[in-house]
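# Descriptive analysis of the structure
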Amino acid sequence: MGKLILVRHGKSLWNVKNVFTGWTDIDLAAEGIEEAKNAGELIKSNLINIDICFSSYLKRAIRTAWILLDTAEMMHVDCRYSWKLNERHYGDWQGKNKDEVLKAVGEEYFLSIRRGYDTAPPSLSTNDERNPKFDPNYKALDVSDLPLGESLKDTSKRVVNYFFEAIAPELAKDRTVLISAHGNSLRALIEYLEHISSEEIAKVEVATGVPHMYEFDGKLNVTSHYQLK
Ligand SMILES: O=C(O)[C@@H](CO)OP(=O)(O)O
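What you are looking at is a predicted structure, and each value in this text was computed from that prediction instead of being measured.

Conventions we followed
- Residues numbered from 1 in each chain as written.
- Predicted model: local features only at pLDDT ≥ 70, side-chain atom pairs only at ≥ 80, totals over all residues.
- Heavy atoms only, no water.
- Salt bridge = Lys/Arg side-chain N within 4 Å of Asp/Glu carboxyl O.
- Helix = DSSP H or I, 4+ residues; strand = E, 2+ residues; numbered from the N terminus.
- Bend = angle between axes of the 7 residues up to and from the residue.
- pLDDT = per-residue confidence, 0-100.
- UniProt positions renumbered as here; feature names shortened; annotations may be inferred.
- Buried < 20%, exposed > 50% of the residue type's maximum accessible area, 1.4 Å probe, protein only.
- Contact = heavy atoms within 4.5 Å.
- Polar contact = N/O pair within 3.5 Å; in protein donor to acceptor, adjacent residues only side chain to side chain.
- Core = buried A, V, L, I, M, F, W, Y, C linked by side-chain atoms within 4.5 Å.
- Pairing = 2+ DSSP bridges.
- Axes fitted to C-alpha atoms, helices over the stretch in contact; angles between N-to-C directions.
- Parallel < 35°, antiparallel > 145°, perpendicular 65-115°, else oblique.
- Nonpolar A, V, L, I, M, F, W, Y, C, P; charged D, E, K, R; others polar.

## Some remarks on the pattern of salt bridges
Counting across every chain of the model gives 16 salt bridges. Among the salt bridges present, the one from Arg115 reaches Glu205, with a minimum N-O distance of 2.8 Å. You can see Arg115 sitting in the loop between α5 (107-114) and α6 (152-172) and its partner Glu205 sitting in the loop between α7 (183-193) and β5 (212-216), a full 90 residues away along the chain. One salt-bridge network, held together by shared partners, links Arg80, Glu170, Lys173 and Arg175.

## A few points about α6
The largest bend along α6 reaches roughly 40 degrees and is located at Phe164. Two residues or fewer past α6, Asp174 is found with a positive phi of approximately 70 degrees.

## So, the confidence of the model for the protein chain
Detail in the predicted coordinates should be disregarded across regions flagged by low pLDDT. Per-residue confidence for the protein chain gives a mean pLDDT of 97, with 100% of residues at or over 70. Of all helices and strands in the protein chain, the one with the weakest mean pLDDT is α5 (97), whereas strand β4 (residues 177-181) scores best (99).

## As for the UniProt feature "site: Transition state stabilizer" (unreviewed entry) in the protein chain
The UniProt entry lists His182 under the feature "site: Transition state stabilizer" (unreviewed entry), expressed in the numbering used here. Among the structural elements, His182 can be located in the loop between β4 and α7. The exposure class assigned to His182 is buried, which follows from its relative accessible area of 0%. Those residues in contact with His182, other than ones at most four positions away along the chain, are Arg8, His9, Ser56, Leu58, Arg60, Ala61, Leu85, Asn86, Glu87 and Arg187. Engagement of the side chain of His182 in a polar contact is seen with the side chain of Ser56, the distance being 2.7 Å.

## Here we look at the nonpolar core
Ranked by internal contacts, the top residues of the largest apolar core, which has 28 residues, are Leu4, Phe54, Phe163, Ile167 and Ile179. Within the residue set of this core, elements represented by two or more residues are β1 (4-8), β2 (52-55), α6, β4, α7 and β5. Among the elements that take part in this core, α6 stands out by supplying eight residues, more than any other.

## Looking at the sheet that holds strand β3 (residues 78-81)
An order of β3-β2-β4-β1-β5-β6 is seen for the six strands of this open sheet, with the pairing classed as mixed. Both outer strands of the open sheet, β3 and β6 (222-227), are each paired with one neighbouring strand and no more. Sheet twist, expressed as the average angle between the axes of neighbouring strands with direction ignored, equals 20 degrees. In this sheet, β3 lies alongside β2 in parallel orientation, the contact comprising four bridges.

## Here we look at the packing of helix α4 (residues 98-105) against α5
Put simply, α4 and α5 touch, their axes get as near as 7 Å, and they point 125 degrees apart. When the interaxial angle is binned, α4 and α5 end up oblique. For the pair formed by α4 and α5, the contact residues are Lys98, Val101, Leu102 and Val105 on the first element and Glu107, Tyr109, Phe110 and Arg114 on the second. Broken down by class, the residue content of the contact of α4 with α5 amounts to five nonpolar, no polar and three charged.

## A short note on the UniProt feature "active site" (unreviewed entry) in the protein chain
With numbering matched to this structure, UniProt assigns "active site" (unreviewed entry) to His9 and Glu87. Of the residues just listed, which span 79 residues, no C-alpha pair is farther apart than 10.5 Å, and they cluster in one region. Its location among the elements puts His9 in the loop between β1 and α1 (13-17). Judged by relative accessible area, which is 2%, His9 ranks as buried. Residues in contact with His9, not counting those within four places in the same chain, are Asn15, Leu28, Arg60, Ala61, Thr64, Ala181, His182, Thr208 and Gly209.

Below is the structure:
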């Protein structure tokens, strides 16, 4: 079985401004570019050879993958992109300052959405300009597949599906796979891979730009996981 490397994109311009981002296509901040370079240096100094790369459709994850591969001198590596690795869709909270939302809705409700499992944020209305159906990047998709606001559970469904559909077959070929994605889409995958309960996942935070390595047995059970530092 191959190895899996998960990396959360470097800090984006909205991470720095403390704004809910979700599917909004925000680029890396200068600090995020440095984090992506650092991740590439770690891959290189640990002599890891990446065979294939997967990223979400969002430029902060794509650019992180490109910078990482460039720094690691592996720009030839094939990259595949899927909306199923996108960040959790944050519904009507997208574009809003996190502290202001917290003040407006109270801590309990805020945390039930932000770090809870089942609770979705308030949905976008179908004619909201932030509806992904208005974004040409998603024009090939069926509108019924496009979320208007997701819980972590909803995010987990699409991410874990994609893992089995596209990524597990590469691991089965003994390949070393890089996934560049997002805080919550990676939490969803980590919850699945490490058998973390839906209560415990609330405490898991994925740091930006830190490569997480996973090794597996022949049945795709995780045998070890560690962070490159
Ligand atoms: O804004 C977002 O889309 C996410 C990730 O940055 O935020 P949070 O960590 O608050 O879930």
